[in-house]
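Here's the letter readout for the chains.
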Amino acid sequence: MKRMKKTLACLPILAAACLLFASCKKEYYKDGGLANPVYNGTIYDYLTEKTMYFDSVKHIIDLAGMKDMFTNDTITFFAFTDDAIRAAMNEVNSHRFAAQEDSVTMDDIGPEVWKQFISMYILRGKRMAGSFPRVARENIRAFPGINYIMLNGYILNIGLEYTNYRGVEAIGPRILYLTDVTFDPTDFRNNTTIRVASSDIQPHNGVVHALSYLHTLGFRGGEFRRVALDYLRTKE
């Protein structure tokens, strides 16, 4: 009887431990809390459906002539949101307003410009968050991530940051980061970094990692404006 009482007394502890384990497993990669990461459709379908975040993204994919890639090719897309496009276009039009020139829309920007910038965020193949190595900005020699060559030849460092939990190092959620390492190759900390807000969304033909809405299109402030204005000058 004493043994049974001890066993019964341990059950709440075991249950709590199981709940803690399940919780930790669910939050292993910090993301937007998707209940089901598998999407029944293509990457293009997913972007088309999520109009609140990717309506303009889908539109510039069409303008760039890349619909077929997002429908049929197996790719990993680090998806910037409509906010990034809106901010980029506002920057272009602010410059044109100051020069007393008419404002422009997404449709006025050449397909090659959109393709150049979209391709910065694409890797061939399906790469889940767990396939990327550890990165630590303050200890880059020990945990350097990996530099990847994106679809258009642009180089980005991609890696998982292992966060701390209750004072214990590197056991918390793992957050996926992209870093524009070619800006300052001598000091990793000087380069622009953006976090993935929601990872491992899995349509039929690859994976989508949605970036934070705070991301600047092209990583470097003013870069899209420069390329877009150069294009517009050739057409005027």
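Residues numbered from 1 in each chain as written. Predicted model: local features only at pLDDT ≥ 70, side-chain atom pairs only at ≥ 80, totals over all residues. Heavy atoms only, no water.

J.: So what's going on with the environment of Ile 118? Which residues, and what values?
T.: Here Ile 118 lies in helix H6 (residues 111–118). Taking C-alpha positions, Ile 118 is 8.8 Å from Val 57, a pair spaced 61 residues apart along the chain. Once you skip the residues sitting within four places of it in the chain, Ile 118 turns out to touch Ile 60, Ile 61, Ala 64, Met 66, Phe 70, Phe 77 and Phe 80. (Helix = DSSP H or I, 4+ residues; strand = E, 2+ residues; numbered from the N terminus. Contact = heavy atoms within 4.5 Å.)

J.: So, the nonpolar core: which residues are in play, and what are the values?
T.: In this structure, Phe 70, Phe 78, Phe 80, Trp 114, Ile 118 and Phe 224 are the most contacted members of the largest nonpolar core, which totals 58 residues. Per-element tally for this core: the top contributor is helix H7 (residues 223–235), with 6 residues. (Core = buried A, V, L, I, M, F, W, Y, C linked by side-chain atoms within 4.5 Å. Buried < 20%, exposed > 50% of the residue type's maximum accessible area, 1.4 Å probe, protein only.)

J.: Tell me about the packing of aromatic side chains, and name the residues and values.
T.: Applying the stated criterion across every chain yields a total of 11 aromatic pairs. Pairing Phe 80 with Tyr 121 gives two aromatic rings, centres 4.9 Å apart and planes at 65 degrees, and the pair type is edge-to-face. Here Phe 80 is found in the loop between strand S1 (75–79) and helix H5 (82–98), whereas its partner Tyr 121 is found in the loop between H6 and strand S2 (122–124), with 41 residues between them in sequence. The buried category is assigned to Phe 80, whose relative accessible area is 1%. The ring of Phe 143 carries Arg 134 above its face, with NZ or CZ at 3.8 Å from the centroid. A cation sits over an aromatic face here: Arg 174 above Tyr 162, 3.8 Å from the ring centre. (Phe/Tyr/Trp six-rings, centres within 6.5 Å; stacked < 30°, edge-to-face > 60°. Lys NZ or Arg CZ within 6 Å of the ring centre and 35° of its normal.)

J.: So what's going on with H5? Which residues, and what values?
T.: Between its first and last C-alpha atoms H5 spans 24 Å; for 17 residues at 1.5 Å apiece the expected length is 24 Å, and the two agree. Listed as buried for H5 are Asp 82, Ala 84, Ile 85, Ala 88, Met 89, Val 92, Asn 93 and Arg 96. Looking down the long axis of H5, one finds its buried residues gathered within 165 degrees of arc, a one-sided arrangement. Set apart from the buried face of H5 by more than 90 degrees, the exposed residues are Phe 97 and Ala 98. Where H5 is buried, its residues meet helix H3 (51–63), H6 and H7. Looking at the residues trailing H5, positive phi occurs at Gln 100, about 60 degrees. (Expected span 1.5 Å × (residues − 1). Arc of directions from axis to C-beta.)

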